[in-house]
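Residues per chain are reported as follows:
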Amino acid sequence: MTLHYDVVVIGGGHAGCEAATASANMGANTCLVTMDMNKIAQMSCNPAVGGIAKGQIVREIDALGGQMALVTDATAIQFRMLNRGKGPAMWSPRAQCDRGKFIWEWRKTLDETDHLDIWQDQADELIVENGEAVGVHTIWGATIKAKCVVVTAGTFLNGLMHIGRKMVPGGRIAEPAVEHFTESITRHGVRAARMKTGTPVRIDKRSVHFDLLNEQKGEDGYYQFSYMGKRRQLRQLSCWECYTNAEVHETLRSGLADSPLYNGQIQSIGPRYCPSIETKLVTFPDRNQHLLFLEPEGEDTNEMYLNGFSSSLPMDVQLQALRKIPALADVKVYRPGYAIEYDFFDPTQLTHTLESKVIKNLFMAGQVNGTTGYEEAGGQGTIAGINAAIMAGAAAATAKPTAPTSPTPSSPSALASSPNVPNFTAGCASGAAIAASTTPFILARDEAYIGVLIDDLVTKGVDEPYRMFTSRAEYRILLRQDDADARLTERAYQLGLATRARYDHWLEKKQRIEEIESFCHQTTVKPNEINSALESLGTTPIHGSTKIADLMGRPQINFANLSEIIPSLKTQLEQSENRKEEIAEAAEIKMKYKGYIERERMVADKMHRLENIRIKGHFDYENMQSLSTEARQKLSAINPETLAQASRIPGVSPSDINVMLVMMGR
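Note that the structure is a prediction, hence the values are computed from the model and not measured. (Residues numbered from 1 in each chain as written. Predicted model: local features only at pLDDT ≥ 70, side-chain atom pairs only at ≥ 80, totals over all residues. Heavy atoms only, no water.)

Undergrad: What's the story with the overall build of the chain in this structure? I'm lost.
TA: Helices and strands together make up the secondary structure of the chain, namely 21 helices and 23 strands. For the chain, the spread of C-alpha atoms along the principal axes amounts to about 80 × 70 × 55 Å. Looking at the 666 residues of the chain, the share that counts as buried comes to 57%. Taking as baseline every contact in the chain between residues at least 6 positions apart, the subset at least 24 positions apart corresponds to 72%. Carbon and sulfur atoms make up 51% of the accessible area of the chain, which totals about 27000 Å². Here the chain contributes 71 positively and 79 negatively charged side chains, and the mean placements of these two sets differ by 2 Å. (Helix = DSSP H or I, 4+ residues; strand = E, 2+ residues; numbered from the N terminus. Buried < 20%, exposed > 50% of the residue type's maximum accessible area, 1.4 Å probe, protein only. Contact = heavy atoms within 4.5 Å. Areas by Shrake-Rupley, 256 points an atom, 1.4 Å probe, with all protein chains shown as cover. Lys, Arg positive; Asp, Glu negative; His and termini not counted. Charge placed at Lys NZ, Arg CZ, Asp CG, Glu CD.)

Undergrad: Which parts of the structure should I look at to understand the side chain of T470?
TA: Mapping T470 onto the fold places it in the loop between α10 (449-460) and α11 (484-495). By relative accessible area, T470 is classed as buried at 5%. If near-sequence neighbours (up to four positions away) are discounted, T470 is found in contact with I52, A53, Q56, A89, M90, Y449 and R476.

Undergrad: Could you clarify how one ought to interpret the packing of aromatic side chains in this entry?
TA: The way to describe two aromatic rings as a pair is by their centre distance and the angle between their planes. Across all of its chains, the model carries 8 aromatic pairs by this definition. Note on F79 and Y223: the rings are 6.5 Å apart at their centroids and 15° apart in plane angle, and the pair reads as stacked. Taken together, the residues F79 in strand β4 (residues 76-82) and Y223 in the loop between β13 (214-216) and β14 (239-243) connect sequence positions 144 residues apart. For the pair formed by F79 and Y223, the shared burial category is buried. Plain terms: the ring middles of F619 and Y621 are 5.9 Å apart, the flat faces sit at 45° to each other, and that makes the pair tilted. Residue classification places F619 among the buried residues on the basis of a relative accessible area of 15%. Feature note: the residues F79, Y222, Y223 and F225 constitute an aromatic cluster, connected by ring pairs. Stacked on the ring of W91, the Lys or Arg R84 has its end atom at 4.4 Å from the ring centre. (Phe/Tyr/Trp six-rings, centres within 6.5 Å; stacked < 30°, edge-to-face > 60°. Lys NZ or Arg CZ within 6 Å of the ring centre and 35° of its normal.)

Undergrad: What is the right way to read the sheet that holds strand β3 (residues 48-50) from this model?
TA: Consider a sheet: its strands pair through backbone hydrogen bonds, and that pairing is either parallel or antiparallel. Across the sheet, which stays open at both edges, the 3 strands sit in the order β3-β5-β4 with antiparallel pairing between neighbours. Both edges of this open sheet fall to β3 and β4, since each of them pairs with a single strand only. Taken pair by pair, the neighbouring strands of this sheet meet at an average axis angle of 15°, ignoring direction. Pairing analysis gives 6 bridges linking β4 to strand β5 (residues 92-97), with the strands arranged antiparallel. Counterpart to M81 in the pairing with β5 is P93. Its contacts with the sheet place helix α2 (residues 54-63) against β3 and β5, and it is angled at close to 85° to β5. (Pairing = 2+ DSSP bridges. Axes fitted to C-alpha atoms, helices over the stretch in contact; angles between N-to-C directions.)

Undergrad: What should I look at first to understand the pattern of salt bridges in this one?
TA: Where side chains of opposite charge bring their charged atoms close, a pairing between them can arise. Enumeration according to the criterion identifies 44 salt bridges in this entry. In this structure, R99 and E297 form a salt bridge, with 2.4 Å as the shortest nitrogen-oxygen distance. One end of the pair, R99, is in helix α4 (residues 99-111); the other, E297, is in the loop between β15 (291-296) and β16 (303-310), with 198 residues separating them in the sequence. Classification of R99 by relative accessible area gives buried; the value is 11%. Across the salt bridge formed by K509 and E582, the nearest N and O atoms sit 3.1 Å from each other. One end of the pair, K509, is in helix α12 (residues 500-522); the other, E582, is in helix α17 (residues 580-592), and 73 residues separate them in sequence. The class for K509 is buried, based on a relative accessible area of 4%. Here the residues in one salt-bridge network are R445, D455, D456, K460, E474, E611 and R648, joined through shared partners. (Salt bridge = Lys/Arg side-chain N within 4 Å of Asp/Glu carboxyl O.)

Undergrad: Would you mind showing me how to read the pairing of strand β12 (residues 192-204) here?
TA: The side chains of a regular strand alternate between both faces of the sheet. Most of β12 is tucked away, with 10 of its 13 residues classed as buried. Of the strand pairs in this sheet, β12 and β16 are connected by 4 bridges, and their pairing is antiparallel. Bridge pairing in β16 places R202 opposite Y305.

Undergrad: Explanation requested: the environment of N612 in the structure shown.
TA: As for its position among the elements, N612 is in the loop between α18 (594-611) and α19 (629-638). Note: C-alpha distance between N612 and K332 (280 residues apart in sequence) is 59 Å.

Undergrad: Can you walk me through helix α3 (residues 68-75) in this structure?
TA: An α-helical turn contains 3.6 residues, so any two residues separated by three or four positions project in the same direction. The buried fraction of α3 amounts to 6 of the 8 residues, a majority that puts the element mostly inside the structure. Here α3 has its buried residues at M68, A69, V71, T72, D73 and T75.

Undergrad: Hey, could you run me through unusual backbone geometry in this one?
TA: Residue A53 is not a glycine yet carries a positive backbone phi of 70°. With respect to the secondary-structure elements, A53 resides in the loop between β3 and α2. You can call A53 buried: its relative accessible area is 0%. With a phi angle near 75°, L354 is a residue other than glycine that sits in the positive phi range. Structurally, the position occupied by L354 is in the loop between β18 (338-345) and β19 (362-364). We classify L354 as buried; its relative accessible area is 0%.

This is how it looks when you write it as structure tokens:
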């Protein structure tokens, strides 16, 4: 049996779900191939979304018209805004989710997405013809032909699980590994290697002594992930803190001889920033305790997740060590922690669209690119899905372009009426129009954390599972969690991905922010009206009429305390019909950090000059003796698109960049 689609997505994890919905929402007839429809977007490790820098990525996915934030808000059982004690560039949202409800909310989202089919099967072989990916064969004998293929296979490619000296093939506990598929890709020249990750024990909460734990409650404030989502609906639950101790460590050390990480069983490299408990003991031998978080898996389950106790030690060693923790003295577990090794592909062989440089029309996203984390996967999946739909549209246009059509009043985008963006119907399996620009969709480093993530992958490559941090972004003041919609929603709407409702929601928010800013820049207060209040807040009095905007630059001043002093400001802030707290915060940040934002914008604009200098195809690096040997090797291997990308390649020095600038002048 042969099926025909514009885009086929292999893998129903977080990258695959975002890729499939992005592609389908742009009008591409899309098929999502997954091994188990009941484990769509399974949270294989921690049932939580967001965190440091990861939360910003989720809000960017949302601003682009993606689904992760909406699904998270619908299934959140605890929400926290991390790093509130630091500046707003560091604020990062995080939500604990109900694992089971998260799956079914995603399943509902997929079921309600037009132009999207789900096929439950396992990809067995990539079909490549004349250097182009044209589909896949499955283990059940189906052939799925497509103009573009997106591989989002997670940890399933030749997956091998480890608990002590026991090894079992699998992509996740109780799920089979995918054999052969890697080889069907590497035989065409794509490089593959192995990585390792792990997950902790799962605990029965009925066996926990909660009176010996420190409770960590969530926030009840207005924060949520999606700019469009509803207020959290599920019962909010606490997480709990405890620590390992010397007895725990002694027990764990007794099992190191049987640890796959230290007996030579596992050769691949694991995540540096999410180490196993045995790695912590070896790396930090002088530490007598390590912090653990006991986190709920859902509203209606006794299963709990022990964050910080990832392990592949023998089962009995894990259990004995846990029972040395007072609160877990009588603990019962559902299953032990385990490690898993899996195949990934060298991301330097990808373009910034996440298309393979080796096999045309093949896109890759998620852990197959050497990353770790649901959020990093979802961000990549969004970009891969967008560009696969664009490529499919371009293929259809090459076959038989049709004249642009006018959008109906209910159309999610006015894009179809743009003379530069035709609709394509020829070649689409169902005749659905692919409303997509023929220009690849790429996010810059000053535009999104997703742009930083992808640029790091394709420019620098990976030698360990890549995890996003705020420190990886040189323009993090521009990439705050509060302004992802300001950065990306208009682009997504022009692309045809963000709906009209989402776009209108942003326009309303943008207008209200501008009104608040204008009010603060125009409204003055006098010393006799405000000085006593200012002194009570610990800031110096004013000596003449002063604009509210000028007061906002003071560290002791914010809208919350200033609106109690200035009634007209409070009235202005209350005028927002929707999400007034979010709008007020966005306006406050823009005014309070205006100087920092403008300075970083200037730095980013200077770097754009190098981004505009395209060098691909201009140099024969191997014969440029004026470059260092390392630079010649790295530039030849990566073949960067622009001078700016070249400058970010490890081993390429500023003097090497100057040499290329001089030669470009020639």
